[in-house]
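# Remarks on the overall topology
One-letter residues, chain by chain:
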Amino acid sequence: MGYKFTVEKLDLFYGDFHALKNINMNIPENKITAFIGPSGCGKSTFLKSLNRMNDLVEGCKITGDVRLDGEDIYGKMDVNQLRKRVGMVFQKPNPFPMSIYDNIAYGPKTHGIHSKSKLDEIVETSLKQAAIWDEVKDRLKKSALGLSGGQQQRLCIARALAVNPEVILMDEPTSALDPISTSKIEDLVIDLKNDYTIIMVTHNMQQATRVSDETVFFLLGEVIESGNTEQLFSLPQDKRTEDYITGRFG
Ligand SMILES: Nc1ncnc2c1ncn2[C@@H]1O[C@H](COP(=O)(O)OP(=O)(O)OP(=O)(O)O)[C@@H](O)[C@H]1O
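Source: prediction; values computed, not measured.

## What about helix α7 (residues 179-192)?
Two residues of an α-helix separated by three or four positions point the same way, owing to the 3.6 residues in each turn. Over its 14 residues, α7 runs 20 Å from end to end, which matches the ideal 20 Å to within 8%, given 1.5 Å per residue. Among the residues of α7, S181, T182, I185, E186, L188, V189 and L192 are the ones counted as buried. Projection of α7 onto a plane perpendicular to its axis shows the buried side chains occupying an angular sector of 165°, all on one side. Exposed side chains of α7 directed beyond 90 degrees from the buried face belong to P179, I180 and D191. Among the structural elements, β3 (32-36), α4 (116-129), α6 (149-161), β7 (167-171), β8 (197-201) and α8 (205-211) are those in contact with the buried residues of α7. For α7, the capping residue at the N-terminal end is D178, with a side-chain oxygen 2.9 Å from the backbone nitrogen of I180.

The structure is reproduced here in structure tokens:
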């Protein structure tokens, strides 16, 4: 199994607060990895350290080693290039206040693509990949804010795909959505893993078992247990994992 990310001895501090403690992890390529754990245990913080979103947080200090395809992302790698390779989808759909078309074309334009035909092609392909093309193809020039929550989230996934990333980080991508939209996003995520490496934070255990290949359980800033999803849920090795997945705490 090839690893997309390898993380060694990662510690992260927000000022004096030690939010992530000695994280060691390998994230397999072209698989879906789920991060689970109670609120405040550091899942989002860790997710954001994979594309250096924490750089924007004042007082945040990170030590250790995070490698993408063997390359140190906190070394010489250009942050814009890193974020192009490692895209992100947030909990609440956050389309830009512009047309559906422009939401998708925005990223490719900032990376130097200006040909109308090329942009048209990227918009269509990305929307098709995100399983929303049929719903929006006749209203591409209309505001993205007029879409439903579930459509907006698929649009945001299309926007992430438009810059041709290798990894997609998803922070509770369905927590604001109804069951039908959730199921559409889950199907989509499973389809996408053929071409992308996906890392997803979820509070929903059923979702983790439905979609992910690997699961990582976080508690109080530490990784308690990780491994094959089916195994972790059927035969947890650590009592704390068992307590969490059986709903005894968290
Ligand atoms: N910008 C920040 N400054 C200071 N502390 C922060 C900051 N962001 C997060 N924290 C703290 O770091 C810890 C981990 O937060 P994080 O958001 O990563 O947890 P989480 O597991 O994703 O939680 P949730 O499931 O509720 O989203 C929490 O104690 C939180 O209060």
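That covers the picture; the talk isn't over yet.
## Observations concerning the side chain of S99
Following the sequence through the fold, S99 ends up in the loop between β6 (86-89) and α3 (100-110). A polar atom in the side chain of S99 sits 3.0 Å from the backbone nitrogen of D102. Setting aside residues up to four positions removed in sequence, S99 forms contacts with L140, K141, K142, S143 and A144.

## Description of the nonpolar core
The tendency in soluble globular proteins is for nonpolar side chains to be buried side by side. Within the largest apolar cluster, 34 residues are counted, with the highest numbers of intra-cluster contacts made by I100, L127, I157, M170 and L192. Breaking this core down by element, the ones donating at least two residues are α3, α4, α5 (133-136), α6, β7, α7 and β8. Residue contributions to this core peak at five residues, all from α6. Non-local contacts of I157, meaning those with residues more than four positions away in its chain, are made with V89, A130, M170, I185, L188 and L192. One finds L10, M25, L50 and V66 within the second-largest nonpolar core, a separate group that totals 28 residues.

## Observations concerning α3
Within α3, the full set of buried residues consists of I100, Y101, N103, I104, A105, G107 and P108. One or two positions beyond α3, positive phi appears at G112, with a value near 95°.

## A closer look at the packing of α4 against α6
In helix packing, the relevant descriptors are the interaxial angle and the interaxial distance, both defined with respect to the helix axes. Two elements in contact, α4 and α6, have axes whose closest approach is 8 Å; the angle formed by their N-to-C orientations is 130°. It follows from the interaxial angle that α4 and α6 lie oblique. The hand of the α4/α6 crossing is right-handed. Along the contact surface, α4 presents S126, L127 and Q129, while α6 presents L155, A158 and L161.

How each quantity is defined
Residues numbered from 1 in each chain as written. Predicted model: local features only at pLDDT ≥ 70, side-chain atom pairs only at ≥ 80, totals over all residues. Heavy atoms only, no water. Helix = DSSP H or I, 4+ residues; strand = E, 2+ residues; numbered from the N terminus. Expected span 1.5 Å × (residues − 1). Buried < 20%, exposed > 50% of the residue type's maximum accessible area, 1.4 Å probe, protein only. Arc of directions from axis to C-beta. Contact = heavy atoms within 4.5 Å. Polar contact = N/O pair within 3.5 Å; in protein donor to acceptor, adjacent residues only side chain to side chain. Core = buried A, V, L, I, M, F, W, Y, C linked by side-chain atoms within 4.5 Å. Axes fitted to C-alpha atoms, helices over the stretch in contact; angles between N-to-C directions. Parallel < 35°, antiparallel > 145°, perpendicular 65-115°, else oblique. Left-handed = near helix turned anticlockwise from the far one by under 90°.

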